[in-house]
Amino acid sequence: MTTFSVKTSGTVATTDITESVIQAVADNDIQDGAALIYCPHTTAGIFINEGADPDVVIDVEAFMKELVPRNRPYRHAEGNSPAHISSILTGNSAMVPISGGKLMLGRWQHVFLAEFDGPRNRQVYVQLLRS
Amino acid sequence: MTTFSVKTSGTVATTDITESVIQAVADNDIQDGAALIYCPHTTAGIFINEGADPDVVIDVEAFMKELVPRNRPYRHAEGNSPAHISSILTGNSAMVPISGGKLMLGRWQHVFLAEFDGPRNRQVYVQLLRS
Amino acid sequence: MTTFSVKTSGTVATTDITESVIQAVADNDIQDGAALIYCPHTTAGIFINEGADPDVVIDVEAFMKELVPRNRPYRHAEGNSPAHISSILTGNSAMVPISGGKLMLGRWQHVFLAEFDGPRNRQVYVQLLRS
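Residues numbered from 1 in each chain as written. Chains lettered and ligands numbered in written order. Predicted model: local features only at pLDDT ≥ 70, side-chain atom pairs only at ≥ 80, totals over all residues. Heavy atoms only, no water.

Q: What should I look at first to understand the overall build of chain A in this one?
A: Along the backbone of chain A there are 3 helices and 8 strands. Ordered by position in the sequence, the α and β elements of chain A form the string β-β-α-β-β-α-α-β-β-β-β. The C-alpha atoms of chain A give 15 Å as radius of gyration, which agrees with the globular expectation for 131 residues (14 Å, within 12%). Projected onto the principal axes, the alpha-carbon positions of chain A cover approximately 50 × 30 × 25 Å. Out of the 131 residues belonging to chain A, those deemed buried represent 63%. In chain A, the share of contacts with a sequence separation of at least 24, taken over all contacts with a separation of at least 6, comes to 83%. Where the 10 positive side-chain charges of chain A centre and where its 14 negative ones centre are 8 Å apart. (Helix = DSSP H or I, 4+ residues; strand = E, 2+ residues; numbered from the N terminus. Rg over C-alpha atoms; globule rule 2.2 N^0.38 Å. Buried < 20%, exposed > 50% of the residue type's maximum accessible area, 1.4 Å probe, protein only. Contact = heavy atoms within 4.5 Å. Lys, Arg positive; Asp, Glu negative; His and termini not counted. Charge placed at Lys NZ, Arg CZ, Asp CG, Glu CD.)

Q: I would appreciate a short explanation of the pairing of strand S8 (residues 121-130) of chain B in the present structure.
A: Consecutive side chains of a regular strand alternate in pointing toward one face of the sheet and then the other. All names here are of chain B. Of all the 10 residues making up S8, 7 are buried; the element is thus mostly covered by neighbouring parts of the structure. As paired strands, strand S1 (residues 2-7) and S8 are joined by 6 bridges and run antiparallel to one another. Following the sheet pairing, lysine 7 is matched in S8 by asparagine 121. Relative to S8, strand S3 (residues 33-38) is paired through 6 bridges, and the arrangement is antiparallel. Among the inter-strand pairings, glycine 33 is bridged to a residue of S8, identified as arginine 130. (Pairing = 2+ DSSP bridges.)

Q: Explanation requested: the interface of chain A and chain B in the structure shown.
A: One frequent convention defines the size of an interface as the accessible area lost when the parts assemble. Opposite the 34 residues of chain A that make contact, chain B presents 29 residues. The contact between chain A and chain B buries some 2,500 Å² in all, and 60% of this surface belongs to carbon and sulfur atoms. When the buried area of chain A at its contact with chain B is split by residue, A:Asp59, A:Phe63 and A:Met95 rank highest and sum to 24% of it. Among the ionic pairs, B:Arg72 bridges to A:Glu66, the shortest N-O distance being 2.8 Å. (Buried area = accessible area lost by both parts, 1.4 Å probe. Salt bridge = Lys/Arg side-chain N within 4 Å of Asp/Glu carboxyl O.)

Q: I tried to follow the relation of the copies chain C and chain A on my own but got confused; where do I start?
A: Note on the identical chains: chain C maps onto chain A by a rotation of 120° and an axial translation of 0.0 Å, with an RMSD of 0.0 Å. The superposition of one copy onto the other is thereby described by a three-fold rotation axis. Identified as the residue of chain C closest to the rotation axis by C-alpha distance is C:Leu89, at 3.5 Å. When the interface residues of chain C are mapped onto chain A, a mere 15% of them are again interface residues, pointing to distinct binding faces. (Least-squares fit on C-alpha atoms with pLDDT ≥ 70 in both.)

Q: Explain the packing of helix H3 (residues 81-90) of chain A against helix H2 (residues 55-67) of chain C here, please?
A: Packed helix pairs are characterised by how far apart their axes lie and by the angle those axes make with each other. Following both chains from N to C, one finds H3(A) and H2(C) inclined at 65°, their axes separated by 10 Å at the closest point. It follows that H3(A) is roughly perpendicular to H2(C) by the angle criterion. As for how H3(A) packs across H2(C), the hand of that crossing is right-handed. Together, A:Ser81, A:His84, A:Ile85, A:Ile88 and A:Leu89 of H3(A) and C:Val56, C:Asp59, C:Val60, C:Phe63 and C:Met64 of H2(C) make up the contact between the two elements. (Axes fitted to C-alpha atoms, helices over the stretch in contact; angles between N-to-C directions. Parallel < 35°, antiparallel > 145°, perpendicular 65-115°, else oblique. Left-handed = near helix turned anticlockwise from the far one by under 90°.)

Q: Would you mind showing me how to read the pattern of salt bridges here?
A: Think of it this way: side chains of opposite charge can pair up when their charged atoms draw near. Residue and element names in this part refer to chain C. Going through the model one piece at a time under the given rule, you end up with 12 salt bridges over all chains. Put simply, glutamate 115 and arginine 122 hold a salt bridge, and the shortest N to O gap is 2.7 Å. Both residues of the pair, glutamate 115 and arginine 122, count as buried.

Q: How should the relation of the copies chain A and chain B be read in this particular structure?
A: Overlay of chain A on chain B (RMSD 0.0 Å): rotation 120°, translation along the axis 0.0 Å. Of the interface residues in chain A, just 15% have counterparts in chain B that sit at the interface too, so the contact is made through distinct surfaces.

Q: Even after reading the chapter, I still don't get the nonpolar core, so can you show me in this structure?
A: Inside soluble globular proteins, nonpolar side chains tend to come together where they are buried. The biggest cluster of nonpolar side chains holds 90 residues, and the ones touching the most others in it are A:Ile17, A:Met95, B:Ile17, B:Met95, C:Ile17 and C:Met95. Ignoring any residue separated from it by four or fewer positions in sequence, one finds A:Met95 in contact with A:Ala34, A:Ala35, A:Leu36, A:Ile48, A:Leu129, B:Leu36, B:Tyr38, B:Ser93, B:Met95, B:Leu129 and C:Met95. If you look at the next biggest cluster of nonpolar residues, it comprises 49 residues, including A:Val68, A:Tyr74, A:Phe112 and B:Met64. (Core = buried A, V, L, I, M, F, W, Y, C linked by side-chain atoms within 4.5 Å.)

Q: I would appreciate a short explanation of the packing of aromatic side chains in the present structure.
A: The relation between two aromatic rings is expressed through the spacing of the ring centres and the mutual angle of the planes. Residues and elements named next belong to chain B. Counted under the stated rule, the structure contains 6 aromatic pairs over all chains. Ring centres 6.2 Å apart and planes at 15° place the aromatic pair tyrosine 38 and tyrosine 125 in the stacked group. Separated by 87 residues along the polypeptide, tyrosine 38 in strand S3 and tyrosine 125 in strand S8 bring together distant segments of the chain. Residue class for tyrosine 38 comes out buried when judged on its relative accessible area of 0%. Using a relative accessible area of 13% as the deciding quantity, one classes tyrosine 125 as buried. (Phe/Tyr/Trp six-rings, centres within 6.5 Å; stacked < 30°, edge-to-face > 60°.)

Q: What is the right way to look at the sheet that holds strand S4 (residues 44-50) of chain C in this model?
A: Sheets are built from strands that pair by backbone hydrogen bonding, the pairs being arranged parallel or antiparallel. All names here are of chain C. As summarised here, the arrangement of the 3 strands in space is S2-S7-S4, forming an open sheet in which the pairing is antiparallel. Either end of the sheet is taken by a strand with one partner, and the two such strands are strand S2 (13-16) and S4. Looking at each pair of strands side by side, their axes are set apart by 35° on average, direction ignored. One ladder, built from 4 bridges, connects S2 with strand S7 (residues 109-115); its direction is antiparallel. Residue pairing for S7: alanine 13 is matched across the bridge by glutamate 115.

Here is the structure:
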């Protein structure tokens, strides 16, 4: 299993981690299978979406902040329930097939770490599974 | 890895792809493991839910259109940010266990491709992973 | 594949299933790979989030009930469309890496079955995949 760190840049902030995931696949001798990209935190998530136009993830961030507002009444005393809920909605992991030694991301797809309670140092695990 | 195409039928439209997934498992000699069903696009998703009553996915489509409205102010100039956001909320892949050579979908479960920016021709990948 | 049952306690109710998942890993001789935790139902989901403070999942439940209200007009005659939609939003499965024989949940992460149309008896599958 490969582990790498990500320093996130804001309360709600998205980091493109595609290169680190591709490197984890390249560092291992795997031809066919899949990569599990896993976030071991409870207030951050992982998602796959467009990486070409940075405005896409800015729209995603704005939408999530409005969908899960800070100012609802929450019971959890730490005050970061919106971050917990947001990470459940995006999910905390993603799977990508590997075929012929290559990570099969679609043409526009990048892998993102979605920070919802930052800025913080976060860990990401990449585990490779064989066909 | 198996690849198949889906021609979607509307802007927001759900296609039942269960038979193609079952066929991909049947075409391979796998007894125990899991199937990864993967959508390589950024404005469509994959989800698993009820396939018996077609009204269920109609309710899902109506809900998603209301949850992620077209008329919010978005920055992404292509105008399809709601489709990008919707695909993040449903997710762009699903995993189903395989046991005794059989895809272990529950009694009412079907696998769906969720189109959010169609109609288009879409690709779906099915990668089998062994226990 | 391991199967276990969960008796859920309310219409919308969250059950911590972490111990059963850890047991399924311990019962099998697997060193490196991942666990797929799978819900074969269409009105319940699986998610990973904080298990230390029980108020976190109470906030999640309250949020989901408000996000997917019972009183919208739905077509599905059974009246449980909100439960179908909620299970799509949380997802019906989760993946967790296994490394050195250990399930690699983060410090605060627990695995939860999210009931959206209970109380009922539910099944959960755990399938182990090898690196």
